[in-house]
Amino acid sequence: QSALTQPPSVSGSPGQSVTISCTGTSSDVGAYDRVSWYQQAPGTGPRLIIYEVSDRPSGVPDRFFGSKSGNTASLTIAGLQAEDEGDYYCSSYTTSSTLWVFGGGTKLTVL
Amino acid sequence: QVTLKESGPVLVKPTETLTLTCAVSGFSLSHPRLGVSWIRQPPGKAMEWLARISSTDERSYSTSLRSRVAISKDTSKGQVVLIMTNMDPVDTGTYYCARVLYYAFDYWGQGLPVTVSS
């Protein structure tokens, strides 16, 4: 099972919005609404910010929005803040015995 | 408060067997909706899911690593163990354990960097 495809980097100014894409196949992203997104700061484990395409765990600001169309999922961060800087990873449950696949990660820079 | 913490050797030699332990707290490994997975990240590469153990002791493995990996748990101790045999330098990376809630990983450990080198 190949990794999901994410852009290596995105950037935006404070207050702007950015969108990170996550492209998979009909065997993962396109198969189920079981895409999740994770935020990772240096030296720490990832933090879940979106699950089942668009749901947010408690404590995650509603500035984080997830969506999906076909084999591509997207994470949009509105009203960028300096604290949003970090690496973002998508993951999808799959139809294969390799139950989950991940994207390569996207580094978000707040200018 | 839910926490997970990985422990084990940070340096192993090629062909050796790696044994990693994930100590969990704040939840029970027998909770019906929860499981624990191991995930690794080689330097500069995508994360890779390795294995999962469910509350009912159902075990699932990555297809590519199935022959080398085993996952188990001790519910009374709150520990999940990953064993990976025949280690190779390509297995170098940071190894994470994470709690599985349905189809997402809702809590992660801080990660354990493992280097495979002679």
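The sections below set out a description of the structure shown in this document. Owing to the predicted nature of the structure, the values given are computational and were not obtained by experimental measurement. (Residues numbered from 1 in each chain as written. Chains lettered and ligands numbered in written order. Predicted model: local features only at pLDDT ≥ 70, side-chain atom pairs only at ≥ 80, totals over all residues. Heavy atoms only, no water.)

1. Some thoughts on the interface of chain B and chain A
Threshold: Any two residues whose heavy atoms approach within 4.5 Å at even a single point are treated as in contact. Note on definitions: salt bridges are taken to be side-chain nitrogens of Lys or Arg within 4 Å of carboxyl oxygens of Asp or Glu. N or O atoms closer than or at 3.5 Å make up a polar contact, with two conditions inside protein: a donor-capable atom paired with an acceptor-capable one, and, for residues adjacent in sequence, both atoms drawn from side chains. Only DSSP runs of H or I covering at least 4 residues are called helices, and only runs of E covering at least 2 are called strands; the numbering of each starts at the N terminus.
Counting residues at the interface gives 23 residues for chain B and 21 residues for chain A. Applying the counting criterion to the chain B and chain A interface returns 0 salt bridges. Viewed at the interface, chain A and chain B are joined by 7 residue pairs in polar contact (both at pLDDT 80 or more). Taken together, the elements giving at least two residues each to the side of chain B that touches chain A come down to β4 (34-41), β5 (48-54), β6 (59-61), β9 (93-101) and β10 (104-108) of chain B. It is β10(B) that provides the largest number of residues to the side of chain B that touches chain A, a total of 4 residues.

2. Quick word on the environment of B:Val80
Residues and elements named next belong to chain B. Considering the arrangement of structural elements, one finds Val80 in strand β8 (residues 79-84). Sequence separation between Val80 and Glu58 is 22 residues, and the spatial gap between their C-alpha atoms is 13 Å. When neighbours within four sequence positions are excluded, Val80 is seen to be in contact with Leu20, Thr21, Cys22, Leu29, Val36, Trp38, Ile53, Ile71, Ser72 and Lys73.

3. Re the pattern of salt bridges
Residues and elements named next belong to chain B. The test is simple: Buried residues are those whose accessible area, probed at 1.4 Å on protein chains only, stays under 20% of the maximum for their type, while exposed residues exceed 50% and partly exposed ones sit between those limits.
What the rule picks out here adds up to 7 salt bridges over all chains. For Glu48, the salt bridge identified is with Arg40, shortest N-O distance 2.8 Å. You can call Glu48 partly exposed: its relative accessible area is 22%. Relative accessible area serves as the criterion here: at 7%, Arg40 is assigned to the buried category. Put simply, Asp106 and Arg99 hold a salt bridge, and the shortest N to O gap is 2.6 Å. Taken together, the shared-partner salt bridges in this structure form one network comprising Arg40, Glu48, Arg68 and Asp91.

4. Structural notes on the sheet that holds strand β5 (residues 64-69) of chain A
Residue and element names in this part refer to chain A. Keep this limit in mind: Between any two strands, pairing holds if DSSP finds at least two bridges. In this analysis an axis means a line fitted to C-alpha atoms, helices contributing only their contacting stretch, and an angle means the value between N-to-C directions, from 0 to 180 degrees.
Pairing in this open sheet of 3 strands is antiparallel, and the strands run β2-β6-β5 from one edge to the other. Two strands lie at the open edges of the sheet, namely β2 (18-23) and β5, each paired on one side alone. Between one strand axis and the next, the sheet turns through 20° on average, direction left out of account. Two strands pair when backbone bridges link them, and β2 and strand β6 (residues 72-77) are joined in this way by 6 bridges, in the antiparallel orientation. Looking at β6, one finds that Val18 is bridged to Ile77.

5. Topic: the state of the cysteines
Residues and elements named next belong to chain A. Quick reminder of the rule: Disulfides are defined in this document as cysteine sulfur pairs within 2.5 Å.
This structure, assessed with the given rule, holds 2 disulfides over all chains. Here Cys22 connects covalently by a disulfide to Cys90, the sulfurs 2.0 Å from one another. With the S-S dihedral at roughly 80°, the linkage between Cys22 and Cys90 falls on the right-handed side. Within this pair, whereas Cys22 is found in strand β2, its partner Cys90 is found in strand β7 (residues 86-93), the two being separated by 68 residues in sequence. No difference in accessibility class separates Cys22 from Cys90, as the two residues are buried.

6. Considering the layout of surface pockets
Heads up, the rule is: As defined here, a cavity is a set of points on a 1 Å grid over the protein atoms alone where a 1.4 Å probe fits but cannot get out. A pocket is an open set with protein on both sides within 12 Å along at least five of seven lines, and residues line them when an atom is within 4 Å of a point. Grid points are joined across faces, edges and corners, and a volume is the space filled by probe spheres set on the points. Residue classes follow a fixed rule: Ala, Val, Leu, Ile, Met, Phe, Trp, Tyr, Cys and Pro count as nonpolar, while Asp, Glu, Lys and Arg count as charged, and any other residue, Gly among them, counts as polar.
The volume enclosed by the largest pocket comes to roughly 390 Å³. Looking at the largest pocket, it is lined by 19 residues, and the ones nearest its centre are A:Arg47, A:Leu48, B:Asp106, B:Tyr107 and B:Trp108. Of all the secondary structure elements, the ones that give two or more residues to the lining of the largest pocket are β4 (47-50) of chain A together with β1 (3-7) and β10 of chain B. The dominant element in the lining of the largest pocket, judged by the number of residues it contributes, is β10(B), at 4 residues. Among the residues forming the lining of the largest pocket, the class breakdown is 13 nonpolar, 3 polar and 3 charged.

7. Some words on the environment of B:Val24
All names here are of chain B. Tracing the backbone shows Val24 in strand β3 (residues 18-25). For the pair formed by Val24 and Gln79, sequence separation is 55 residues and the distance between their alpha carbons is 6.1 Å. With near-sequence residues (within four places) excluded, Val24 lies in contact with Thr3, Leu4, Leu29 and Gly78.

8. A short note on the packing of aromatic side chains
All names here are of chain A. The condition is simple: Aromatic rings from Phe, Tyr and Trp, taking only the six-membered ring of Trp, are treated as a pair when their centres fall within 6.5 Å; an angle between ring planes under 30 degrees marks them as stacked, one over 60 as edge-to-face, and anything in between as tilted. Over a ring means this: the NZ of a Lys or the CZ of an Arg is within 6 Å of the ring centre and within 35 degrees of the ring normal.
Applying the stated criterion across every chain yields a total of 12 aromatic pairs over all chains. On the basis of an interplanar angle of 45° and a centroid distance of 6.5 Å, the ring pair of Tyr38 and Phe102 is categorised as tilted. In this pair, Tyr38 is assigned in strand β3 (residues 35-40) and Phe102 in strand β8 (residues 100-102), connecting sequence segments 64 residues apart. Residue Tyr38 shares its accessibility class with Phe102, and that shared class is buried. Ring geometry for Tyr93 and Trp100: centres 5.2 Å apart, planes at 75°, overall edge-to-face. No difference in accessibility class separates Tyr93 from Trp100, as the two residues are buried. Over the aromatic face of Tyr32 sits the side chain of Arg34, whose NZ or CZ is 4.3 Å from the ring centroid.

Read these as spatial facts, not as claims about activity.
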